[in-house]
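Observations on the three-dimensional arrangement
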Amino acid sequence: MANYKETNSYNSQVDELTEVLATARRMQQDWLKYGVDYVHLYIEDVDSDWLESWRDEEILTSFILDKIKEFLVSDDPVAKRLRQHLGERSLFEIAVNLEECWHISSANERLTAVKHLLADTKTSEIEISNLAASLLQRISEIL
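These lines cover the structure that appears in this document, whether it is placed above or below. (Residues numbered from 1 in each chain as written. Predicted model: local features only at pLDDT ≥ 70, side-chain atom pairs only at ≥ 80, totals over all residues. Heavy atoms only, no water.)

**Considering the pattern of salt bridges**
- Tallied over the full model, the rule gives three salt bridges.
- Asp 66 serves as the salt-bridge partner of Lys 69, at 3.6 Å between the closest nitrogen and oxygen. Taken together, the positions of Lys 69 and Asp 66, both in helix H3 (residues 50-72) and three residues apart, correspond to about one turn of that helix.
- Overall, the relative accessible area of 31% leaves Lys 69 in the partly exposed class.
- Of the charged contacts in the structure, one is a salt bridge between Glu 141 and Arg 138, with a shortest N-O distance of 2.3 Å. (Salt bridge = Lys/Arg side-chain N within 4 Å of Asp/Glu carboxyl O. Helix = DSSP H or I, 4+ residues; strand = E, 2+ residues; numbered from the N terminus. Buried < 20%, exposed > 50% of the residue type's maximum accessible area, 1.4 Å probe, protein only.)

**Focus: the packing of aromatic side chains**
- Evaluation of the coordinates by the stated rule reveals zero aromatic pairs.
- Taking NZ or CZ as reference, Arg 110 lies 4.7 Å from the ring centre of Trp 102, over its face. (Phe/Tyr/Trp six-rings, centres within 6.5 Å; stacked < 30°, edge-to-face > 60°. Lys NZ or Arg CZ within 6 Å of the ring centre and 35° of its normal.)

**Some points on helix H7 (residues 125-142)**
- The end-to-end C-alpha distance of H7 is 26 Å, a good match for the 26 Å that 18 residues give at a rise of 1.5 Å each.
- By the burial criterion, the buried members of H7 are Ile 128, Ser 129, Leu 131, Ala 132, Leu 135, Leu 136 and Ile 139. Relative to the axis of H7, the buried residues are bounded by an arc of 165 degrees and lie together on one face. (Expected span 1.5 Å × (residues − 1). Arc of directions from axis to C-beta.)

The structure is reproduced here in structure tokens:
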């Protein structure tokens, strides 16, 4: 039975490699067919100012992540409650996920994402909702 699992694992890896190679070949053929204009097939906003604004977005994201990390290790009552709720979970991982949640434009969707981030089997849904709402409120105050 162990040999079957290993063979099946190798087969899936070979399938993935085959798919990746086919994609690379298709991309190479598009390059030969369309020249430099092939990038328009693979990149949505190639003509936008993404290159000029790329560094600015990176700096802003870094600022938000830094502020969230500072908050998570602070003596703020919400941060303490969050750390108690998280237990052994990584604060850095939570900070990265909170930063991603922060970029969600809809407030309701952002709250839902944070609830999913905090969800566990030991805590009631009401407690999670309250903690998520408090957390988002504090993050909005510090940012």
